[in-house]
Amino acid sequence: MGHWFYRNILEPGKLPMLLALASFVVTFLATRSVTRLIRAGRGPFKNVTPGGMHIHHVVPGVVLSVVGGFGAVGSGRHGVGAAVCAVIFGTGAGLVLDEFALILHLDDVYWTERGRKSVEVVVLAAALALLVISGFSPFEVNSLTPDERQNRAAVILTFVSNFLLALIALLKGKLRMGLIGVLVPVVALVGAVRLARPESYWARRFYRRRTKARARAKKRAIRHDRRWAGPRRAFQDLIGGAPDKAPPHEP
């Protein structure tokens, strides 16, 4: 185990990335635990409200991200300084992305349905970081053999083709597949060849006159959402807490 850790983590300089990911996940889980206790009125934790103004934890998160980010850039990938800055950055990123929905909507939507976006972004960010630590590189250029790397045309073709696959997946409304496909091109390929989401730019642009394709896209999207909505909501509620129930609409 020690040999594997040295060969795959320490030697290639991935320890700061691993520490950043660990502190990111721990900070997110700890923050959600504290906010759930505050919401339930349990424990000694309270909202920070100096002068009556609620200070969201995204504020210290931004400060820590800036300090840790600049420190990491100047520290390289080895040494104690790089490790410390990685932990600081991961902690700040966890605080910031935990309130991603607030930044997106410019409103305190933490315990609403729109607040689920924060949990989705945190899970996606952690998955992407884990893929990088596992050895995946953007557009898989590092997977080329030394002989292929000598051929500039092969490198450019690989980069451009993988980039286009990821871009098509994003244009088809498949955000997760497009982002993960940046690191795992086969995922982008699957997203690029499948039907687009009916609300995506691709569907509006290319399915406008294709009635059958538009109908198939809507049917597939409804079937997909119906299948995965329940498990996805249960997982989000487990790690992030269930949102408040929306009040009934006034007649």
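Residues numbered from 1 in each chain as written. Predicted model: local features only at pLDDT ≥ 70, side-chain atom pairs only at ≥ 80, totals over all residues. Heavy atoms only, no water.

A. Up close: helix α3 (residues 58–75). Along its 18 residues, α3 runs 25 Å from first to last C-alpha, staying within 8% of the 26 Å computed at 1.5 Å per residue. Taken as a whole, α3 has its buried residues at Val 58, Gly 61, Ser 65, Gly 68 and Gly 71. Within α3, the buried residues cover an arc of 155 degrees as seen down the axis, which keeps them to one side. More than 90 degrees from the buried face of α3, the exposed residues found are Phe 70, Val 73 and Gly 74. In this structure, the buried residues of α3 make contact with α4 (80–98) and α5 (100–105). Of the residues flanking the end of α3, it is Gly 76, one or two places downstream, whose phi is positive at about 80 degrees. (Helix = DSSP H or I, 4+ residues; strand = E, 2+ residues; numbered from the N terminus. Expected span 1.5 Å × (residues − 1). Buried < 20%, exposed > 50% of the residue type's maximum accessible area, 1.4 Å probe, protein only. Arc of directions from axis to C-beta. Contact = heavy atoms within 4.5 Å.)

B. Quick look at the side chain of Lys 172. Positionally, Lys 172 belongs in the loop between α8 (152–171) and α9 (175–183). One buried charged side chain, Lys 172, makes no salt bridge at all; its nearest oppositely charged neighbour is Glu 199, positioned 13 Å away. At a separation of 2.5 Å, a polar atom in the side chain of Lys 172 contacts the main-chain carbonyl oxygen of Ala 192. (Lys, Arg positive; Asp, Glu negative; His and termini not counted. Salt bridge = Lys/Arg side-chain N within 4 Å of Asp/Glu carboxyl O. Polar contact = N/O pair within 3.5 Å; in protein donor to acceptor, adjacent residues only side chain to side chain.)

C. Quick peek at a positive patch on the surface. Side chains of Arg 194, Lys 219, Arg 223 and Arg 227 sit close together on the surface and give a patch of like positive charge. Along the chain, the position of Arg 227 falls in helix α12 (residues 211–240). On the basis of relative accessible area, Arg 227 is assigned to the exposed category, the value being 53%. (Patch = residues over 30% accessible without salt bridge, like charges linked within 9 Å, V, L, I, M, F, W, Y side chains within 5 Å. Areas by Shrake-Rupley, 256 points an atom, 1.4 Å probe, with all protein chains shown as cover. Charge placed at Lys NZ, Arg CZ, Asp CG, Glu CD.)

D. Here's a closer look at the packing of helix α2 (residues 15–40) against α4. Contact geometry of α2 with α4 gives a least axis separation of 7 Å together with a crossing angle of 35 degrees. As α2 packs across α4, the resulting crossing turns out to be right-handed. The residues of α4 that touch α2, namely those facing Pro 16, Leu 19, Ala 20, Ser 23, Phe 24, Thr 27, Phe 28, Thr 31 and Arg 32, are Ala 82, Ala 83, Ala 86, Val 87, Gly 90, Thr 91, Ala 93, Gly 94, Leu 95, Leu 97 and Asp 98. Looking at the contact of α2 with α4 residue by residue, the classes come out as 12 nonpolar, six polar and two charged. (Axes fitted to C-alpha atoms, helices over the stretch in contact; angles between N-to-C directions. Left-handed = near helix turned anticlockwise from the far one by under 90°. Nonpolar A, V, L, I, M, F, W, Y, C, P; charged D, E, K, R; others polar.)

E. View of the packing of helix α6 (residues 116–133) against α12. The N-to-C vectors of α6 and α12 enclose an angle of 90 degrees; their axes lie 10 Å apart at closest approach. Taken together, the axes of α6 and α12 lie roughly perpendicular to each other. Touching Arg 116, Val 119, Glu 120 and Val 123 of α6 are Arg 233, Phe 235, Gln 236, Asp 237, Ile 239 and Gly 240, all from α12. Residues that form the contact of α6 with α12 fall into these classes: four nonpolar, two polar and four charged. (Parallel < 35°, antiparallel > 145°, perpendicular 65-115°, else oblique.)

F. Expanded view of the pattern of salt bridges. This model, assessed by the stated rule, comprises 10 salt bridges. Across the salt bridge formed by Asp 98 and Arg 32, the nearest N and O atoms sit 2.6 Å from each other. Here the residue Asp 98 occupies a position in helix α4, and Arg 32 occupies one in helix α2, the gap between them amounting to 66 residues. Residue classification places Asp 98 among the buried positions, given a relative accessible area of 0%. Overall, the relative accessible area of 2% leaves Arg 32 in the buried class. In this structure, the salt-bridge partner of Glu 113 is Arg 233, at a minimum N-O distance of 3.1 Å.

G. Focus on a nonpolar patch on the surface. Side chains of Ile 156, Phe 159, Val 160, Phe 163, Leu 164, Leu 167, Leu 171 and Tyr 201 sit close together on the surface and give an oily, nonpolar patch of about 690 Å² of accessible area. It is α8 that provides the largest number of residues to the nonpolar patch, a total of seven residues. By secondary structure assignment, the location of Leu 167 is in helix α8.

H. Examining the packing of aromatic side chains more closely. Summed over the entire model, instances satisfying the criterion amount to two aromatic pairs. Plain terms: the ring middles of Tyr 110 and Trp 111 are 4.9 Å apart, the flat faces sit at 85 degrees to each other, and that makes the pair edge-to-face. Here the two residues Tyr 110 and Trp 111 agree in accessibility, since each one is buried. Judged by centre distance (4.5 Å) and plane angle (40 degrees), the ring pair of Trp 202 and Phe 206 falls under tilted. Of this pair, Trp 202 and Phe 206 both sit in helix α11 (residues 201–206), separated by four residues, roughly a single helical turn. (Phe/Tyr/Trp six-rings, centres within 6.5 Å; stacked < 30°, edge-to-face > 60°.)

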